[in-house]
Amino acid sequence: MFSLDSLTVSQREAVEHKDGALLVIAGPGSGKTRVITSRIVRLIEKGVRPYNICAITFTNKAAEEMRERVRAMGVPPGTQVSTFHSLCVRILRQYAEAAGIDPNFSIYSDADQKKCVKDAIAGVDASSDNFQPAKVLNVISNLKNDLIMPEDFKKTANDYYQKMVAKIYNRYQDMMHTNNALDFDDLLVKTAMLLRDYPEIREQLSERFKYLLVDEYQDTNRAQYQIAKGIAIAHGNICVTGDPDQSIYRWRGADIKNILAFEQDWPHAKIVKLEENFRSSPRILELADKLIANNKQRKEKRLIPTIKASRDISCNVYDDERGEAGAIADEILSLIAAGADPNDIAILYRTNSMSRSIEEAFVKKNVPYIIVRGVEFYNRKEIRDMVAYLKLISNPADNVALDRIINTPARGIGETSIKRLELYAAEKGISMLHAAGQAQTIDSLKAAATKIKEFANMIDGFAKAAVPGCSVGKLLADVYEKSGMHTALITSKESQEDAMGNIEELINSAALYDQSAEEPSLFDYLQTISLYSDSDAYDPDSGKVSLMTLHAAKGLEFENAFVIGLEDGILPHERSAENEKELEEERRLFFVGITRAKMGLYISRVLNRTIRGQMFRSMPSKFLYETGLVSGLERTPAPQMDNGFSRYAPGGAGAGRVYGRSVELQMKDPKSQDSQVYKVGRASTFAASLPKINVTAGSFKKGDAVRHPKHGAGVVKEYLNLGANSVITVGFDNGQTKTLIQKSSELEKIEQ
DNA sequence: GTGAATCATCTTTTT
DNA sequence: GATGATTCAC
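Residues numbered from 1 in each chain as written. Chains lettered and ligands numbered in written order. Predicted model: local features only at pLDDT ≥ 70, side-chain atom pairs only at ≥ 80, totals over all residues. Heavy atoms only, no water.

1. Quick notes on the overall build of chain A
For chain A, the helix and strand inventory stands at 31 helices and 22 strands. Within chain A, counting contacts between residues at least 6 apart in sequence, those at least 24 apart form 74% of the total. Of the roughly 33800 Å² of accessible surface on chain A, 49% is carried by carbon and sulfur atoms. (Helix = DSSP H or I, 4+ residues; strand = E, 2+ residues; numbered from the N terminus. Contact = heavy atoms within 4.5 Å. Areas by Shrake-Rupley, 256 points an atom, 1.4 Å probe, with all protein chains shown as cover.)

Printed below as a string of structure tokens:
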């Protein structure tokens, strides 16, 4: 299947390790992912069934790539490769009864959670001034990450604040239960509890997952740790990989101890260190090493370069973020002119808002770019509305979803009516949707009763259509029309073109889901989009420069990386500067940023940064002093390139290539769509104001005879005209019915 | 019950 | 500088 020859001695050691626990401590760029995939393949070669292997990655994207790689290496399908969260959804659905939930549970996003916490705060008569929803939610999340249940917390809570939080927490969990909903933390907690409390389930899962591999183990929290341990304890075939120096999620409960104490958990564990780095230039590694050496809480680890060549590291100061962004844009244009691939360039920053100045400069200077921010699309109002319909259809108990859409679009059901409906439902102990079905028998409702009943009928109608195996794209398209959302957007006074475009995009992607998912279902679709993350939106072949947070850059690499905003208060962030542990995490974050670069590393800071509309004077980040990047500049004024970039070479004069010459750049085709960057995954009004592609209207209609290159001839069963995003349901002659998107399917009309 | 206008609060990072 | 909550006129 594959050859071990191409691996280093230590890599091979890890790949070849037989049964039992294995800890792979792997520095950045050490080929860790390759080791895991090779190990999966090797296990299968040795006779392990693919079905008995479970690999856990940090993001869905990483899972997808790993599945792809393993498949490319000739492994038959069946291996479970997913994130902890997706795995938990699967387990909880299978053992829903034991977990005490309905298998059609909703997964609540942070917005949904926030609403519940607010209601819970109000429900225990606490003031939201003293108990800020965001903070309380944070406390609750931390408790869950540590597997502390409401009743446990109640016992230990001793001051007033804690006692109130305990009450809120309890109430919150009750509400989640009535709504048949789980939040992100619940997915882990419930699974951990399931494994703890049901030995027979634990046994079944150990039997199923005979080999467990966990990547990025340094970022697992207590619940994830318990889950991994629960599955593996029976056989001890657990392989974890990670780098304590790249732990950047302490703030959300990740416990670096999980990896540091692995040897105690599994006394016979084999430990392999991968210290060679196949990614970055020696100079970059030298800088990274110098930085991370300032962390006290760490195990010494070396970064051994294997690449010989280095380029100078650039470190620059600008007046403000506009200067920074403009210079970066210029530098990137010269890089591209000199042959660099935009795919292999990234801008990395501490906070999402920092993308804005870069975006503005890139639009102005025609630098092709994409912001890696997947969740933003799903956070838009109109998308959340549409998704709320789906959630309610899938899970009738979801009162939060109902609350969102019962009057969206406006159908004359006001606040008071909703309150009365809620009250009635609570008294009867039924869901609000159920109550809405009997609206006409509820005396308090009066005039709104008919409208509420109509709403309930509509949802019931959708639910009847949402049979197993139905097309989610078609269901969404149906909801869009029949709910009145579409009409409401068309007739709205302000132009709602963006909103409509986004919904079309959603229907479009749902139809794509229908075609590509292994086992498409409404529940599966909802869980996919609920667990969709920022990093999942990263496309290595977009042909554009990627803009993303340092957190989202985890696990990626780029020929040229720009790490911006090296200022005190930004990196390290002011809210993390208070204690040493948080400061060390910020340092690791910068370490992650530095080690994303293969050859070109550009670090920058500004003197004046505008935050939330207010300008602040800023000082250099302390990390710049620690690495000598600032004092180095001060001793010998760095040469200014004519594009504003100066060079810094640690350890003496570098032989780095100077490519700062101004090069006249012409975009290959000014009309090409690549130079217009926007839309998917971007919600800011700024991006929304950018030009749109004009799409040609479709020309299909029901009954048209069509031909598809893959599926052959067929007849159009349904057609929803959304321009190029039009959704077409075709009954093919081979018996299959497919829902396709006009622009992405090569569907041809056959003239008869 | 609706919609526009104003106020306030917030953002550090995310599965 | 954007979102959500609140207020007010209809």
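2. Thoughts on the nonpolar core
Of all hydrophobic cores here, the largest spans 70 residues; its most connected members are Phe 105, Leu 187, Leu 212, Ile 238 and Phe 262. Examining the composition of this core, we find that eight residues originate from one element, helix 9 (residues 160-178), more than from any other. With sequence-adjacent residues up to four places away left out, Ile 238 is seen in contact with Gly 20, Ala 21, Leu 22, Leu 212, Ala 228, Ala 232, Phe 262 and Trp 266. One finds Tyr 378, Ala 435, Ile 442 and Ala 477 within the second-largest nonpolar core, a separate group that totals 56 residues. (Core = buried A, V, L, I, M, F, W, Y, C linked by side-chain atoms within 4.5 Å. Buried < 20%, exposed > 50% of the residue type's maximum accessible area, 1.4 Å probe, protein only.)

3. Some details on the environment of Gln 204
The topology assignment puts Gln 204 in helix 11 (residues 199-208). Of the residues examined, Gln 204 reaches a relative accessible area of 42% and is grouped as partly exposed. Separated by 110 residues in sequence, Gln 204 and Ser 314 have C-alpha atoms that sit 55 Å apart.

4. Some words on a positive patch on the surface
A cluster of basic side chains, namely Arg 222, Arg 250, Lys 257 and Lys 581, defines a positive patch on the protein surface. For Arg 250, the position within the fold is in the loop between strand 7 (238-242) and helix 13 (257-260). (Patch = residues over 30% accessible without salt bridge, like charges linked within 9 Å, V, L, I, M, F, W, Y side chains within 5 Å. Salt bridge = Lys/Arg side-chain N within 4 Å of Asp/Glu carboxyl O. Lys, Arg positive; Asp, Glu negative; His and termini not counted. Charge placed at Lys NZ, Arg CZ, Asp CG, Glu CD.)

5. Remarks on the packing of aromatic side chains
Evaluation of the coordinates by the stated rule reveals 14 aromatic pairs. Measuring from centroid to centroid gives 5.2 Å for Phe 105 and Phe 523, while their planes differ by 85°, and the two rings are edge-to-face. You can see Phe 105 sitting in the loop between helix 5 (96-99) and strand 4 (106-108) and its partner Phe 523 sitting in helix 27 (residues 522-530), a full 418 residues away along the chain. Judged on exposure class, the residue Phe 105 and its partner Phe 523 are both buried. Taken together, the ring pairs connect Phe 58, Tyr 249 and Trp 251 into an aromatic cluster. (Phe/Tyr/Trp six-rings, centres within 6.5 Å; stacked < 30°, edge-to-face > 60°.)

6. Examining the sheet that holds strand 3 (residues 80-83)
Here we have six strands laid out as an open sheet, ordered 3-2-6-7-1-8, and parallel in their pairing. The open sheet terminates on both sides in strands that have one partner only, identified here as strand 3 and strand 8 (270-274). This sheet shows a mean twist of 15° between the axes of neighbouring strands, independent of strand direction. Examined bridge by bridge, strand 1 (residues 22-26) and strand 8 share five bridges and lie parallel to one another. Each bridged residue has a counterpart across the sheet, and for Ala 26 the counterpart in strand 8 is Leu 274. (Pairing = 2+ DSSP bridges. Axes fitted to C-alpha atoms, helices over the stretch in contact; angles between N-to-C directions.)

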